[in-house]
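Here is what each chain is made of, one letter per residue.
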Amino acid sequence: MSDVILSARHLFKTYTQRSGRLGLGSTKIHALDDVSVDLKTGSTLAVVGESGSGKSTLARCLLQLQPLDQGEVLFQGVDLAKLTAAELRQQRRDMQMVFQDPFASLNPRMRIGEIVAEGLLIHGLGNADEREHKVIKMLKRVGLTEADMKKYPHQFSGGQRQRIGIARALVLEPKLVVCDEPVSALDVSIQAQILLLLKELQQEMNLSYLFISHDLRVVRHIADEVAVMHRGKLIEHDTVEALYAAPKQEYTKNLLNAIPGRKGLSVQTA
Amino acid sequence: MTELLRIEGLTIVPAAMPERMLVKDVSLTLQPGRTTCVVGESGSGKSLTALAVMQLLSKQLKQISGRVLFQGQDLTTLNHEQMRDIRGKRIGMIFQEPMTSLNPVLTVGYQIGESLTVHLGLKGKALKARVASLLEQVGIPATRADSYPDELSGGQRQRVMIAMSIACEPAMLIADEPTTALDVTVQAQILKLLDELKTRMNMGMLFITHDFGVVADIADDVVVMFRGEIVESGPVAQVLNQPQHPYTKALLACVPDADGKKALQPIDYAWIDGDGVPA
């Protein structure tokens, strides 16, 4: 199956949470409960769900940032859990992540040039000149300038920081990018810019996106396929058109009906 | 006089930088039983406007002009004592973060009852009965009065906040992004609840939001703010369907629609940064 870049088979993950008064009891939370999902090369799979549905756990487990209880993750046909630390690091070059909070995900004491170049340095790609050349090219591509390399994160707005986060992920020319709520913290005008940028970059670099989001309006615009998670289970998976037009599960219907302004705003055509 | 609230020429500046206007010459009105949404992006001045109505601006900020007429009374001329009598009693407030707005070491019943004791002098059985009825009005079983905030979900906490804010049956409710931190299905429930309460109690609601979807669901009238100024206002159908101002048009064009029918169009800020707000 060469057209599938990432394949998850029967993933299980349980957390133990303190519960009851004073936290004396404990409850098991099934964050992932037999989740299987495929991501097609060059496409965008959105994982949607409400808080606590397990969507972020799924993202972290897929990237091996958190150990699974059970199940396997095949990336380009390779079972990631079977790799040594060094081999996994090799694979990580092809699997990058863009985070939600553009304020927390950039080291405040590093310059932008260093932040974006760090991945190249870690993976030992190119010499100093080549790295700088790549960083400049990437920054320009995401709408920043060469001069921005010398600046620190606090000198940028939320939208610009998210561009930096994208540049950091894409400078390694990955194949898979996991975007965990990348536009949730942004104003709607900035959100539109970032979504369009992500779409353009996907085309240019043939990227596959796993897009974690709770916002069904955003998902409608970015995704090719949508997987709906609810209480650790993947309850519905379909193309974006089919899922929005004819959701099969009651829960999905409720989610879609709860989108604010669905009737009022759809009349509006700008 | 049917007007509940009339803001006239409100201007707010940082005390240390009086030339920089954060809210500039803002005027709006609110009728009983209606909802006015103030919509804008971060930094547009929408929350400051709400805080100014309550006279809760921080000391670093200064209101240099404007009147805030609430039921005909100019709130800007009142002292702390008089203002305290209005807040919570005649004007209710709900904020964005239901997690941080509740005191974690007090039961929710106590917190709902507090304003009833302070403003209306309710005690004992009468207080308990009133708290129970308020909880039921917002869709929480009355037995939950003895629960602590951490035992409730985010949506329930926001319901508790709403119960607190309507406890004294205020004439006006100010809601600053009350559903932003909530899941979409919970958000829909809370919006419905607020709308029902507004109608039943004939409250005027000043609703601050950044989300045009929420505006479409809850507003009667809309005020669009941009960089401290109102750029457009009017009935909700008119503003959403026939926006007049270029900023409103641009902002609406970047809202993704749930049907995926329109192309996203980011705002070109060049014209804004060049000449300020175009006419």
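Residues numbered from 1 in each chain as written. Chains lettered and ligands numbered in written order. Predicted model: local features only at pLDDT ≥ 70, side-chain atom pairs only at ≥ 80, totals over all residues. Heavy atoms only, no water.

K.L.:
Describe the sheet that holds strand β7 (residues 172–176) of chain B, and please don't skip the residues or the numbers.
P.N.:
All names here are of chain B. Read from one edge of the open sheet, 6 strands run β6-β7-β8-β3-β9-β10, paired in mixed fashion. In the strand order of this sheet, the two ends are held by β6 (91–94) and β10 (229–235), each with one partner. Adjacent strand axes in the sheet meet at a mean angle of 15 degrees when their direction is disregarded. Sheet topology note: the strand β9 (residues 221–226)/β10 ladder contains 6 bridges and is antiparallel. Residue pairing in the sheet places F226 in a bridge with E229 of β10. Across the face of the sheet, helix α5 (residues 154–166) comes into contact with β6 and β7 while running at roughly 170 degrees to β6. (Pairing = 2+ DSSP bridges. Helix = DSSP H or I, 4+ residues; strand = E, 2+ residues; numbered from the N terminus. Axes fitted to C-alpha atoms, helices over the stretch in contact; angles between N-to-C directions. Contact = heavy atoms within 4.5 Å.)

K.L.:
Describe in detail the nonpolar core, supporting the description with residues and values.
P.N.:
Counting residues in hydrophobic clusters, the biggest one holds 112 residues, and the most contacted among them are A:I166, A:L201, A:V226, B:L194 and B:F207. Looking at which element gives the most residues to this core, the answer is helix α6 (residues 188–205) of chain A, with 8 residues. Not counting chain neighbours up to four residues away, the residues in contact with A:V226 comprise A:L45, A:A46, A:V48, A:V219, A:E236, A:H237, A:D238, A:V240, A:L243 and A:Y244. Judged by nonpolar contacts, the second largest core, of 31 residues, contains B:I7, B:V53, B:F70 and B:I208. (Core = buried A, V, L, I, M, F, W, Y, C linked by side-chain atoms within 4.5 Å. Buried < 20%, exposed > 50% of the residue type's maximum accessible area, 1.4 Å probe, protein only.)

K.L.:
Residue-level account of the side chain of A:Q96, with values.
P.N.:
Position of A:Q96 relative to the elements: it lies in strand β6 (residues 95–98). Ignoring any residue separated from it by four or fewer positions in sequence, one finds A:Q96 in contact with A:R168, A:A169, A:L172, A:P174, A:L176, A:V177 and A:V178.

K.L.:
Tell me about the interface of chain A and chain B, and name the residues and values.
P.N.:
Contact with chain A, which involves 31 residues of that partner, is made by 35 residues of chain B. Together, the buried faces of chain A and chain B total about 2900 Å²; carbon and sulfur atoms form 59% of this surface. Inspection of the chain A/chain B interface yields 1 salt bridge. Two residues, A:R217 and B:D211, come together in a salt bridge whose shortest N-O distance is 2.7 Å. Taken together, the connections running from chain A to chain B amount to 9 residue pairs in polar contact (both at pLDDT 80 or more). Elements with a minimum of two residues in the side of chain A that touches chain B: α6, α7 (216–222), α9 (250–257) and α10 (262–266) of chain A. Top element by residues in the side of chain A that touches chain B is α6(A). It accounts for 8 residues. (Buried area = accessible area lost by both parts, 1.4 Å probe. Salt bridge = Lys/Arg side-chain N within 4 Å of Asp/Glu carboxyl O. Polar contact = N/O pair within 3.5 Å; in protein donor to acceptor, adjacent residues only side chain to side chain.)

K.L.:
Mind laying out the state of the cysteines, listing which residues take part and the relevant values?
P.N.:
The tally for this structure, following the rule as stated, stands at 0 disulfides over all chains. Note on A:C179: no disulfide assigned, nearest cysteine sulfur contributed by A:C61 at a separation of 18 Å. Summary of cysteine pairing: B:C254 is not part of a disulfide, and the nearest cysteine sulfur, belonging to B:C37, is at 18 Å. (Disulfide = S-S within 2.5 Å.)

K.L.:
Please provide a residue-by-residue account of the pairing of strand β3 (residues 44–48) of chain A, values included.
P.N.:
Regular strands place their side chains on alternate faces of the sheet. Residue and element names in this part refer to chain A. Among the 5 residues in β3, 5 count as buried, and that is most of the element. Side chains T44, A46 and V48 of β3 all project onto a buried face; the interleaved residues L45 and V47 project onto the opposite face, where all are buried too. With 5 bridges connecting them, β3 and strand β8 (residues 208–213) associate as parallel partners. Across the sheet, V47 pairs through a bridge with I212, a residue of β8. With 4 bridges joining them, β3 and strand β9 (residues 225–230) adopt parallel strand pairing. The residue bridging V47 from the neighbouring strand is A227, located in β9.

K.L.:
A description of the packing of helix α3 (residues 112–122) of chain A against helix α4 (residues 128–141) of chain A should follow, citing residues and the corresponding values.
P.N.:
All names here are of chain A. As a packed pair, α3 and α4 sit with axes 10 Å apart at the nearest point and diverge in direction by 120 degrees. One finds that α3 runs oblique with respect to α4. Two packed elements cross with a definite hand, and for α3 against α4 that hand is right-handed. Mapping the contact onto sequence places I112, G113, V116, A117, L120 and L121 in α3 and R131, K134, V135 and L139 in α4. Here the contact of α3 with α4 is composed, by residue class, of 7 nonpolar, 1 polar and 2 charged. (Parallel < 35°, antiparallel > 145°, perpendicular 65-115°, else oblique. Left-handed = near helix turned anticlockwise from the far one by under 90°. Nonpolar A, V, L, I, M, F, W, Y, C, P; charged D, E, K, R; others polar.)

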